[in-house]
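Below are the chains, spelled out letter by letter.
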Amino acid sequence: MVQQLNNTQIAINTLLNKLNDSLPQIRAKAAEALGKIGNSSLADTLVSHLIGENDLNVRLNLIRALGEIGNESAIPCLASCLSDTNPDIRIITAESLGKIGGEKSISYLIQSLQDTEVKVRVTATIALGEIGLEDVIPYLVNVCYDEDDSVRFSAVDALGKIGSRYAVN
């Protein structure tokens, strides 16, 4: 057991080192691998790398990794990503906030229901449904009247996941 812990720590240390590699492909793969390991103590390190990262694919993988890790300490940094000009960043951020879940993520996901990008609204709607707290029902009911069919579909599905009587109206 001790040997396994040592090997895991060696892997984590190697991957953390690779977050500083000159090749963005290596940084992106290291972020992905760290997310798969899922060690919540890595959240602050991943956040600091996300703040200083310029490459889109690396940023996306860091955001995904933070969602996989699920540490609420990443929420403020992820919330700032919801105002990024790149819709892919906003989409993956909404997805990650949904994976982290909890009350802290909900307010940011509710704001994303107003995003100009349809896929961001769909992802935020799905994430709210997966979090499954009844507090979001009124917001999801409003989204049922979105101009886009896919957003409305996602809202109805999310309401169904929560088990709301609104899903059948």
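Relevant structure appears above.
Residues numbered from 1 in each chain as written. Predicted model: local features only at pLDDT ≥ 70, side-chain atom pairs only at ≥ 80, totals over all residues. Heavy atoms only, no water.

Draft legend 1. Region of interest: the overall build of the protein chain. When helices and strands are tallied, the protein chain shows 10 helices and 0 strands. If you list the helices and strands of the protein chain from N to C, you get α-α-α-α-α-α-α-α-α-α. Across its three principal axes, the protein chain shows a C-alpha extent of roughly 55 × 40 × 20 Å. Burial analysis of the protein chain (169 residues in total) assigns 45% to the buried set. In the protein chain, 58% of the contacts between residues at least 6 apart in sequence involve partners at least 24 apart. When the accessible surface of the protein chain is summed, it comes to about 9000 Å², and 50% of that surface belongs to carbon and sulfur atoms. On the protein chain, the mean spot of the 14 positive side-chain charges and the mean spot of the 21 negative ones are 4 Å from each other. (Helix = DSSP H or I, 4+ residues; strand = E, 2+ residues; numbered from the N terminus. Buried < 20%, exposed > 50% of the residue type's maximum accessible area, 1.4 Å probe, protein only. Contact = heavy atoms within 4.5 Å. Areas by Shrake-Rupley, 256 points an atom, 1.4 Å probe, with all protein chains shown as cover. Lys, Arg positive; Asp, Glu negative; His and termini not counted. Charge placed at Lys NZ, Arg CZ, Asp CG, Glu CD.)

Draft legend 2. Just the nonpolar core, in detail. In terms of nonpolar packing, the biggest core is built from 49 residues, with Leu 46, Leu 66, Leu 109 and Leu 128 touching the most fellow members. For this core, the element with the most residues is helix α4 (residues 56–69), which contributes 7 residues. What Leu 66 contacts, discounting residues up to four positions off in sequence, is Ala 43, Leu 46, Val 47, Leu 50, Asn 71, Ala 74, Leu 78 and Ile 100. (Core = buried A, V, L, I, M, F, W, Y, C linked by side-chain atoms within 4.5 Å.)

Draft legend 3. Region of the structure containing the environment of Gly 35. Inspection of the secondary structure puts Gly 35 in helix α2 (residues 24–37). It is 18 Å that separates the C-alpha atoms of Gly 35 and Asp 88, two residues lying 53 residues apart in sequence. Apart from the residues within four sequence positions on either side, Gly 35 is in contact with Ala 65 and Glu 68.

Draft legend 4. Structural context of the environment of Val 118. As for its position among the elements, Val 118 is in helix α8 (residues 118–131). Judged by relative accessible area, Val 118 falls into the partly exposed class, the value being 24%. Sequence separation between Val 118 and Ala 94 is 24 residues; the distance between their C-alpha atoms is 12 Å. Non-local contacts of Val 118, meaning those with residues more than four positions away in its chain, are made with Asp 148, Ser 150 and Val 151.

Draft legend 5. Structural context of the pattern of salt bridges. Summed over all chains, the structure comprises 11 salt bridges. Between Glu 32 and Lys 36 there is a salt bridge, with the nearest N and O atoms lying 3.2 Å from each other. Of this pair, Glu 32 and Lys 36 both sit in helix α2, 4 residues apart, roughly one helical turn. In this structure, a network of salt bridges that share partners links the residues Lys 29, Glu 32 and Lys 36. (Salt bridge = Lys/Arg side-chain N within 4 Å of Asp/Glu carboxyl O.)

Draft legend 6. Molecular detail of the packing of helix α3 (residues 43–52) against α4. Contact geometry for α3 and α4: axes closest at 10 Å, N-to-C directions at 160°. Taken together, the axis directions place α3 and α4 in an arrangement best described as roughly antiparallel. As α3 packs across α4, the resulting crossing turns out to be left-handed. Together, Ala 43, Leu 46, Val 47, His 49 and Leu 50 of α3 and Arg 59, Leu 62, Ile 63, Ala 65, Leu 66 and Ile 69 of α4 make up the contact between the two elements. Within the contact of α3 with α4, the residues separate by chemical class into 9 nonpolar, 1 polar and 1 charged. (Axes fitted to C-alpha atoms, helices over the stretch in contact; angles between N-to-C directions. Parallel < 35°, antiparallel > 145°, perpendicular 65-115°, else oblique. Left-handed = near helix turned anticlockwise from the far one by under 90°. Nonpolar A, V, L, I, M, F, W, Y, C, P; charged D, E, K, R; others polar.)

Draft legend 7. Fine view of the side chain of Ser 112. Along the chain, the position of Ser 112 falls in helix α7 (residues 102–112). Classification of Ser 112 by relative accessible area gives buried; the value is 5%. When neighbours within four sequence positions are excluded, Ser 112 is seen to be in contact with Leu 82, Val 120, Arg 121 and Ala 124.

All we've got here are geometric facts, nothing functional implied.
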